[in-house]
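This is what each chain is made of:
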Amino acid sequence: MARSLRLNRSLLRRFAPPSLLVVCVVIGCSTSPPPLPSTAPVHLATDIDPATTQPSYWIDQPGVVDITSSDFQSLWSACESMLKHAQFKIDRQDYRNGLLTSLPVISKQFYEFWRDDAPTGNDIAESSLAEIRRTILFQFTRNSEGNWTVVPKVLVERFAIIEPKLRTTLQYQPYYWYPLRRDELMERHVAKRVEKELRMATANAK
């Protein structure tokens, strides 16, 4: 058997073209054992905290800025005026729990230069390439001194579609809005506009 194998190899070297020899060498090299798998952990796209997929997770995070006033109604009206001037429609008005929220609004596109609900160039690029929306929330509390404090929060969400494995005759595609983050820069801008509305209301009352 060994003699036959040596004979076959000698015949191959003698009569086979060089290209065939190259192929045989490559094939022979490919039979070497594969490298051992790496022990480094693999991070998948699904390796995220499930809590972050809920809007409440982001809304419950502490605010970055607040506005204080001794007059609750003036503070509330200033927040309503801010939403109106920013072209956000009011959704929920809960005086008892101190909560004022807007309806979600699709964020600024690159050609909508008159809007300012996407503070940075990256925000504008993001909302131009994907369907992004923002919701403004105001949380009111009464502090120990008897004054009222409002904390603005801005929730950023992205539109997502679940592609079905088997399409039905109705071409049904479930979709949802996926919370991405809080827009802290916009929250600061919102606070400045609320303070402006509050100063204007105080000046007009005099």
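Calculation notes
- Residues numbered from 1 in each chain as written.
- Predicted model: local features only at pLDDT ≥ 70, side-chain atom pairs only at ≥ 80, totals over all residues.
- Heavy atoms only, no water.
- Helix = DSSP H or I, 4+ residues; strand = E, 2+ residues; numbered from the N terminus.
- Buried < 20%, exposed > 50% of the residue type's maximum accessible area, 1.4 Å probe, protein only.
- Phe/Tyr/Trp six-rings, centres within 6.5 Å; stacked < 30°, edge-to-face > 60°.
- Lys, Arg positive; Asp, Glu negative; His and termini not counted.
- Salt bridge = Lys/Arg side-chain N within 4 Å of Asp/Glu carboxyl O.
- Polar contact = N/O pair within 3.5 Å; in protein donor to acceptor, adjacent residues only side chain to side chain.
- Contact = heavy atoms within 4.5 Å.
- Expected span 1.5 Å × (residues − 1).
- Arc of directions from axis to C-beta.

**Some remarks on the environment of Thr 68**
Here is step 1 of the chain: Mapped onto the secondary structure, Thr 68 falls in strand E1 (residues 67-69).
Here is step 2 of the chain: The class for Thr 68 is partly exposed, based on a relative accessible area of 40%.
Here is step 3 of the chain: Residues Thr 68 and Val 150 lie 82 residues apart in sequence; the distance between their C-alpha atoms is 6.5 Å.

**What to know about the packing of aromatic side chains**
Here is step 1 of the chain: Following the criterion strictly, the structure yields 11 aromatic pairs and no others.
Here is step 2 of the chain: Consider the rings of Phe 110 and Tyr 111, whose centres lie 5.3 Å apart with planes at 90°: the pair is edge-to-face.
Here is step 3 of the chain: Using a relative accessible area of 63% as the deciding quantity, one classes Phe 110 as exposed.
Here is step 4 of the chain: A connected cluster of aromatic rings, assembled from ring pairs, spans Phe 72, Trp 76, Tyr 95, Phe 140 and Trp 148.

**Side note on the side chain of Glu 80**
Here is step 1 of the chain: One can find Glu 80 in helix H4 (residues 72-85).
Here is step 2 of the chain: Salt bridges are absent for the buried Glu 80, whose nearest opposite-charge side chain, Lys 84, sits at 9.7 Å.
Here is step 3 of the chain: Separated by 2.5 Å, the side chains of Glu 80 and Gln 93 make a polar contact.
Here is step 4 of the chain: If we skip the residues at most four places from it in the chain, Glu 80 touches Ile 90, Gln 93, Tyr 95 and Leu 100.

**Description of the environment of Ala 191**
Here is step 1 of the chain: Position of Ala 191 among the secondary structure elements: in helix H6 (residues 184-205).
Here is step 2 of the chain: Taking the C-alpha atoms as reference points, Ala 191 and Asp 66, 125 residues apart in sequence, are found 6.8 Å from one another.
Here is step 3 of the chain: Apart from the residues lying within four places of it in its own chain, the contact partners of Ala 191 are Val 65, Ile 67 and Pro 152.

**Focus on the environment of Arg 115**
Here is step 1 of the chain: Turning to its location among the elements, Arg 115 is positioned in the loop between strand E4 (105-106) and helix H5 (121-129).
Here is step 2 of the chain: Linking Arg 115 and Ala 86, residues 29 residues apart in sequence, is a C-alpha distance of 7.8 Å.
Here is step 3 of the chain: If we skip the residues at most four places from it in the chain, Arg 115 touches Val 105, Ile 106, Ser 107 and Lys 108.
Here is step 4 of the chain: A polar side-chain atom of Arg 115 sits 2.4 Å from a polar atom in the side chain of Asp 117.

**Some points on H6**
Here is step 1 of the chain: For H6, spanning 22 residues, the distance from its first C-alpha to its last is 32 Å, which sits close to the expected 32 Å at 1.5 Å a residue.
Here is step 2 of the chain: Listing the buried residues of H6 in full gives Met 186, Glu 187, Val 190, Ala 191, Val 194, Glu 197 and Leu 198. The arc that holds the buried residues of H6, viewed along the axis, is 145°, so those residues lie on one side. Turned more than 90 degrees off the buried face of H6, the exposed positions are Lys 192 and Arg 199.
Here is step 3 of the chain: Contact partners of the buried residues in H6: E1, H4, strand E5 (132-142), strand E6 (148-161) and strand E7 (175-182).

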